[in-house]
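# Coordinate analysis (summary)
Listed below, chain by chain, are the residues.
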Amino acid sequence: GTINSSTNTFVAWCWRAGGPAVANTDGTITSQVSANTDYGFSILTYTGGTSDATIGHGLGQTPKFYVVKARTSSGYTDSWNVYHTSLGASAYIKLNDVGGKTTASTIWNETAPTSTVFSVDANSNANENNTDYVAYVWSEVAGYSKFGSYTGNGSEDGPFIETGFKPRWILIKSHYASNPNAHCNWLIYDTERSPTNEADDLLLASVNGAEFSGVHTGIDILDNGFKLKGDAGGYANYNTNQYIYAAFAD
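Source: prediction; values computed, not measured.

### Quick look at the overall build of the protein
- From N to C terminus, the protein includes zero helices and 18 strands.
- Relative to its length of 250 residues, the protein is compact, with a C-alpha radius of gyration of 18 Å against a globular reference of 18 Å.
- With the C-alpha coordinates aligned to their principal axes, the bounding extent of the protein is approximately 50 × 40 × 40 Å.
- Relative to its full complement of 250 residues, the protein shows a buried share of 50%.
- Restricting the contact set of the protein to residue pairs at least 6 apart, pairs at least 24 apart contribute 59%.
- Only carbon and sulfur atoms are counted for the fraction: they give 46% of the accessible area of the protein, which is about 11200 Å².
- Side-chain charges of the protein comprise 13 positive and 23 negative groups, with the mean position of each set lying 1 Å from the other.

What follows is the structure, given as structure tokens:
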């Protein structure tokens, strides 16, 4: 029912990695990696172990954005834990939650990723002993992907975010930690559901609600980036809220 119930409409967004996974020994923990270096995307799995560990990602470029998920665990460790270059290695944020960023030294080991590995400390979010994990890792590719941040101004004339390409898919999240609310959801826009501007068909990754549109939800998707809109109630442009984003071309 969640992916094929009768008469319901669905959307899917797909990234191609590099075929069957191969062992990667660049890190202190061996990972199984399928990497597409041309488009800066890899899928990898590993089993947690010792503290101060590194995980090989196979991209040959420094990742800007990755999501790590425990496959065998319980409780809060089932969260989707996100690294974003604009937040740095001393903080993480959860894909399945409306809350802001969490400052912590024990998830990414306060160590920025490199062209070969990302770092994890001994913790259940990303490196619990004998726990299996999956990670989705992106590096930035000029003309195809862009990862960054901006501050909302609560105006119809919102910030313009230059990506250098027309985005096909955009993910936006406020990381304003002190006041999580409806304006702090993970927001997903794409040109499949919104082929013309104003793009206002909105899906929220952090909740299980259906697509909705209307007042305060729209942005303009342009040939070289995207333009925030919406007044003081704007989901993607709430006044003074700080946002991170990930954008991909077709």
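From this point, things continue past the structure.
### Quick word on the sheet that holds strand β13 (residues 169-174)
- Within the open sheet, the five strands sit side by side as β11-β18-β13-β14-β15. Their pairing is antiparallel. Each edge of the open sheet carries a strand with a single partner, namely β11 (145-151) and β15 (203-204).

### Notes on the packing of aromatic side chains
- Counting across every chain of the model gives 22 aromatic pairs.
- Geometrically, the ring pair formed by Tyr66 and Tyr83 is stacked, given 4.5 Å between the ring centres and 10° between the ring planes. Linking Tyr66 in strand β5 (residues 63-70) with Tyr83 in strand β6 (residues 80-84), this pair joins segments that are 17 residues apart in sequence.
- Taking relative accessible area as the criterion, Tyr66 reaches 0% and is therefore assigned buried.

### Some words on the pairing of strand β9 (residues 117-120)
- On β9, burial covers both faces: Val117 and Ser119 on one face and Phe118 and Val120 on the other are all buried.
- Two strands pair when backbone bridges link them, and strand β4 (residues 53-56) and β9 are joined in this way by four bridges, in the antiparallel orientation. Of the residues in β9, the one forming a bridge with Gly56 is Val117.

### A short note on the nonpolar core
- The biggest cluster of nonpolar side chains holds 41 residues, and the ones touching the most others in it are Tyr150, Ile172, Ile219 and Phe226.
- If one sorts the elements of this core by residue count, strand β18 (residues 242-248) sits on top with six residues.
- Beyond its immediate chain neighbours, meaning those up to four positions away, Ile219 contacts Ile170, Tyr189, Asn197, Glu198, Ala199, Phe226, Lys227, Leu228, Lys229 and Ala236.
- The next biggest cluster of nonpolar side chains, apart from the first, holds 22 residues, and it includes Tyr92, Trp108, Phe118 and Tyr133.

### Re the pattern of salt bridges
- This structure, assessed with the given rule, holds eight salt bridges.
- Lys227 is paired through a salt bridge with Asp157; the nearest N and O atoms lie 2.6 Å apart. Separated by 70 residues along the polypeptide, Lys227 in strand β17 (residues 225-228) and Asp157 in the loop between β11 and β12 (160-162) bring together distant segments of the chain.
- Shared partners join several salt bridges into a network, and the residues in it are Arg168, Glu192 and Asp250.

Conventions adopted
Residues numbered from 1 in each chain as written. Predicted model: local features only at pLDDT ≥ 70, side-chain atom pairs only at ≥ 80, totals over all residues. Heavy atoms only, no water. Helix = DSSP H or I, 4+ residues; strand = E, 2+ residues; numbered from the N terminus. Rg over C-alpha atoms; globule rule 2.2 N^0.38 Å. Buried < 20%, exposed > 50% of the residue type's maximum accessible area, 1.4 Å probe, protein only. Contact = heavy atoms within 4.5 Å. Areas by Shrake-Rupley, 256 points an atom, 1.4 Å probe, with all protein chains shown as cover. Lys, Arg positive; Asp, Glu negative; His and termini not counted. Charge placed at Lys NZ, Arg CZ, Asp CG, Glu CD. Pairing = 2+ DSSP bridges. Phe/Tyr/Trp six-rings, centres within 6.5 Å; stacked < 30°, edge-to-face > 60°. Core = buried A, V, L, I, M, F, W, Y, C linked by side-chain atoms within 4.5 Å. Salt bridge = Lys/Arg side-chain N within 4 Å of Asp/Glu carboxyl O.

Everything listed here is a matter of geometry and, on its own, says nothing about what the molecule does.
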